[in-house]
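Geometric and topological summary
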Amino acid sequence: MSLSPAEEAARRRTFAIISHPDAGKTTLTENLLLAGGAIRLAGQVAARGERRRTQSDWMKIERDRGISVSASVMTFEHDNLVFNLLDTPGHEDFSEDTYRTLTAADSAVMVLDAAKGIEPQTLKLFEVCRMRDIPITTFINKMDREALDPLELLDEIQDKLQLDTAPLFWPAASGQRFAGMKDLRKGDFISFRKKTADQQAEVGPSHRIGMQEARGTIDTMVMDELEEGAELATEALPEFDRQAYEEGHMTPVVYGSALRHFGVNELLATLAEFAPGPRPQKAEKKDQPIVVERSDKAVSGFVFKIQANMDPNHRDRVAFLRLCSGEFKRGMRLKTTSNKQINVHAPLMFLAQDREIAETAYAGDVIGVPNHGQLRVGDSLSENGDIKFQGIPNFAPEILRRARPKDPMKSKHLRKALESLAEEGVTQLFTPALGSDMIVGAVGSLQIDVMAERVAAEYNLEVVFEPASYNVARWISSDDPAKLEAFLEKNRSAVGTDLDGAPVYLAKNAWDVGYAQEKNPELKFTATKERLL
Ligand code: G4P
């Protein structure tokens, strides 16, 4: 029985994983793919090999070239749902790509290291989710190691993220004594079976037993602790509330060990049960605000990432298009709002192990659109070219550098190159109001290296990056244009514009920003800029 496009869209679950490096995102991704049946293997050793194979040649090129591994998409079917797992590159190459990928997700899984709790990068990524009210499911990982007290962990989530927690499970100890977890809704116990000496992950159904049986086999102290903790948690914490979750105010919590494949089935089941399908998206049509629903007939979507110059011999690019409505068919012609036409002859679908040409795709899906540079990050595409999605945010860079060409005659040339990279979303480019400096901004330092490499490889230019006299950039706006104008005039040596001509305050440090804000309460200094594209 074939499903209607609206039904197909309704069964999409597009999500991303957010975490601090080393919390276990890669291991969890792999184990989710295993649990979902997208890849098959028996154990850890094979997993490493398989992981290598899951990355196609394409990825290999990216790796070999030292360019950030792209935010790719892994699609798998499970429980009659189509899961699109968006991979957010999260390591050294932490960049705006990571943030932008979240704009294409309908929900997120937050992975915490049970011994560490909320770490800086988790917090940053969480803020992006909050900005868009993206619902979050929490996976507390590495329970097979000594963990913080479970209540303490939940308190930390509550305090640092202002997010209500609703544990669906309660762990029985951690580390050496880790015995499993109680399913707080069903009232039974999922036991953690210690593995053989080489501690291979055991993939398959979870081992559920009654509490009685658990009592019979597990250390009494551990069981007492579990019952006591579970009782406390049930009394002290609110019950899971679906609406609060969907609005981004509450997170269901699952415990586990990605490495040992424990809790992964439960996480997947939780996603299947609660994660929302493709969300309605705010947009504009003929200057009127509209909301695009996944069941709308006309095909529409937005580009959240561009992977450019994959092959140095061809200026080819792949735009990652998140579909928001309609039934996309291979060969379709889509238009941007600036009336650029793209014939999508060979859209790429990203399965766990391969890339394939997509014949059809629906809201929630991500397809790769090969193009020759016509598409930009943030472009909206639709059948009539009349739908403009609300923007993908720009983030204030954390690193600012002054760029100059090694050959002083090549200044114009360099500006063009930097503008084109900024258009692509690789880095940002600011122009101070005074002088002719080019100030580039990046969220992570690897971005600067990637930029230098690309300027050399693609534009045949040697660029030198020097410390800038500014370290912080903030977008400035105000409801009162006169006040804004006056500020810009008065602070000409500390302001500039971004690629779109929007005013930016270039400050020495965060203290300066605070001071300027205090002195100019009618102005807004923001670390993100949402553009209507
Ligand atoms: P990341 O993508 O978030 O950076 O984390 P990744 O999955 O690479 O995991 C970081 C380290 O933590 C890896 O160890 C991984 O094996 C380990 N790990 C992940 N999940 C668990 C878990 O549930 N329990 C335990 N005990 N360890 C876990 P590594 O030694 O850095 O790498 P590797 O040599 O094992 O690849």
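Residues numbered from 1 in each chain as written. Predicted model: local features only at pLDDT ≥ 70, side-chain atom pairs only at ≥ 80, totals over all residues. Heavy atoms only, no water.

Just so we agree on the cut-off: UniProt positions are given in the numbering used here, feature names are shortened, and annotations may be inferred rather than shown by experiment.
Looking at an unreviewed UniProt entry, one finds the protein named Peptide chain release factor 3 and attributed to Henriciella mobilis. UniProt annotates the protein under Sequence similarities (unreviewed entry) with the comment "Belongs to the TRAFAC class translation factor GTPase superfamily. Classic translation factor GTPase family. PrfC subfamily." Recorded in UniProt for the protein, the comment headed Function (unreviewed entry) runs: "Increases the formation of ribosomal termination complexes and stimulates activities of RF-1 and RF-2. It binds guanine nucleotides and has strong preference for UGA stop codons. It may interact directly with the ribosome. The stimulation of RF-1 and RF-2 is significantly reduced by GTP and GDP, but not by GMP."

**Regarding the overall build of the protein**
Just so we agree on the cut-off: In DSSP terms, a helix is any run of H or I states spanning at least four residues, a strand is any run of E spanning at least two, and both are numbered starting from the N terminus. Here's how the labels work: a residue is buried when its accessible area is under 20% of the maximum for its type, exposed when over 50%, partly exposed in between, all with a 1.4 Å probe on protein chains only. Contact between two residues is taken to exist if any of their heavy atoms lie within 4.5 Å; hydrogens are not considered. With residues, only the protein chains shown are counted as cover, and all accessible areas are computed by Shrake-Rupley using a 1.4 Å probe.
When its secondary structure is counted, the protein shows 15 helices and 33 strands. A burial count over the protein gives 55% of its 533 residues as buried. Intrachain contacts of the protein at a sequence separation of at least 6 include 72% that bridge at least 24 residues. Surface summary for the protein: the accessible area is close to 23,400 Å², and the carbon and sulfur share equals 48%.

**Comments concerning the pattern of salt bridges**
Oppositely charged side chains can pair when the atoms bearing their charge come close. For the record, the criterion: Throughout this description, the term salt bridge denotes a Lys or Arg side-chain nitrogen within 4 Å of a carboxyl oxygen of Asp or Glu.
Scanning the entire structure with this criterion turns up 26 salt bridges. Between Arg12 and Asp365 there is a salt bridge whose closest N-O contact spans 3.0 Å. Taken together, the positions of Arg12 in strand E1 (residues 12-19) and Asp365 in the loop between strand E21 (360-362) and strand E22 (366-371) put the pair 353 residues apart, joining distant regions of the chain. Taking the relative accessible area as the measure of exposure, Asp365 reaches 1% and is therefore buried. Glu359 serves as the salt-bridge partner of Arg330, at 3.1 Å between the closest nitrogen and oxygen. Here Glu359 lies in the loop between strand E20 (355-357) and E21 and Arg330 lies in the loop between strand E16 (327-329) and strand E17 (333-336), a separation of 29 residues in the sequence.

**Describing the environment of Ala105**
Residue placement: Ala105 occurs in the loop between helix H5 (96-103) and strand E4 (107-113). Leaving out residues up to four positions away in the same chain, Ala105 has contacts with Thr14, Phe15, Ala16, Leu86, Ile134 and Arg322.

**Quick notes on the packing of helix H12 (residues 411-424) against helix H13 (residues 445-459)**
Test applied: Here the axes come from fitting lines to C-alpha atoms, over the contacting stretch only for helices, and the angles between their N-to-C directions go from 0 to 180 degrees. Every angle not falling under 35 degrees, over 145, or within 65 to 115 is termed oblique; those three ranges are roughly parallel, roughly antiparallel and roughly perpendicular. Crossings are sorted by hand: turned counterclockwise from the far helix by less than a right angle, the near helix makes the crossing left-handed, and turned clockwise it makes it right-handed. Any residue that is not Ala, Val, Leu, Ile, Met, Phe, Trp, Tyr, Cys, Pro, Asp, Glu, Lys or Arg is counted as polar, Gly included; the first ten are nonpolar and the last four charged.
Where H12 meets H13, the axes come as close as 11 Å, and the angle between the chain directions of the two elements is 120°. Relative to H13, H12 is oriented oblique. Note on packing geometry: the crossing formed by H12 with H13 is right-handed. Contacts from His413, Leu414, Ala417, Leu418, Ser420, Leu421 and Glu424 in H12 reach Met451, Arg454, Val455 and Tyr459 in H13. Split into classes, the residues belonging to the contact of H12 with H13 amount to 7 nonpolar, 2 polar and 2 charged.

**Description of the sheet that holds strand E29 (residues 472-478)**
Rules: When DSSP finds two or more bridges between two strands, those strands count as paired.
Spatially, E28-E25-E27-E26-E30-E31-E29-E32 is the arrangement adopted by the 8 strands of the open sheet, whose pairing is antiparallel. At either end of the open sheet lies a strand with only one pairing partner, and these are strand E28 (463-467) and strand E32 (523-526). Between one strand axis and the next, the sheet turns through 40° on average, direction left out of account. The sheet contact formed by strand E26 (residues 428-432) and strand E27 (residues 438-442) spans 3 bridges and is antiparallel. Pairing of Phe430 across the sheet is with Ile439, part of E27. The strands touched by H13 within the sheet are strand E25 (399-405), E27 and E28, with E28 carrying the most contacts at an inclination of about 155°.

**Observations regarding the environment of Ile448**
By the element assignment, Ile448 lies in helix H13. Taking C-alpha positions, Ile448 is 9.4 Å from Leu400, a pair spaced 48 residues apart along the chain. Excluding anything up to four places from it in sequence, Ile448 contacts Ile399, Arg401, Val440, Ala442 and Phe465.

**Topic: the sheet that holds strand E6 (residues 164-167)**
One open sheet holds the 7 strands; their spatial order is E2-E3-E1-E4-E5-E11-E6, and the pairing between them is mixed. In the strand order of this sheet, the two ends are held by strand E2 (73-78) and E6, each with one partner. Pairs of neighbouring strands in the sheet enclose a mean axial angle of 30°, with direction left out of account. Where E6 lies against strand E11 (residues 250-255), 4 bridges are found, and the strand directions are parallel. Across the sheet, residue Ala166 finds its bridge partner in E11, namely Pro252.

**Some points on the packing of aromatic side chains**
Our working definition: Each pair of aromatic rings taken from Phe, Tyr and Trp, with Trp reduced to its six-membered ring, is defined by centres within 6.5 Å and is described as stacked if the planes are under 30 degrees apart, edge-to-face if over 60, and tilted in the remaining cases.
Counted by the stated rule, this structure contains 15 aromatic pairs. Relative to Phe262, the ring of Phe192 lies with its centre 5.5 Å away and its plane at 80°, an arrangement referred to as edge-to-face. Placement of Phe192 in the loop between strand E9 (189-191) and strand E10 (208-209) and of Phe262 in the loop between E11 and helix H11 (264-274) is noted, with a sequence separation of 70 residues between them. Residues Phe240 and Phe274 carry aromatic rings whose centres are separated by 4.3 Å and whose planes lie at 40° to one another, so their mutual orientation is tilted. In this pair, Phe240 is assigned in the loop between helix H9 (220-236) and helix H10 (242-246) and Phe274 in helix H11, connecting sequence segments 34 residues apart. Through a chain of ring-to-ring contacts, three or more aromatic side chains come together here, namely Phe15, Phe76 and Phe83.

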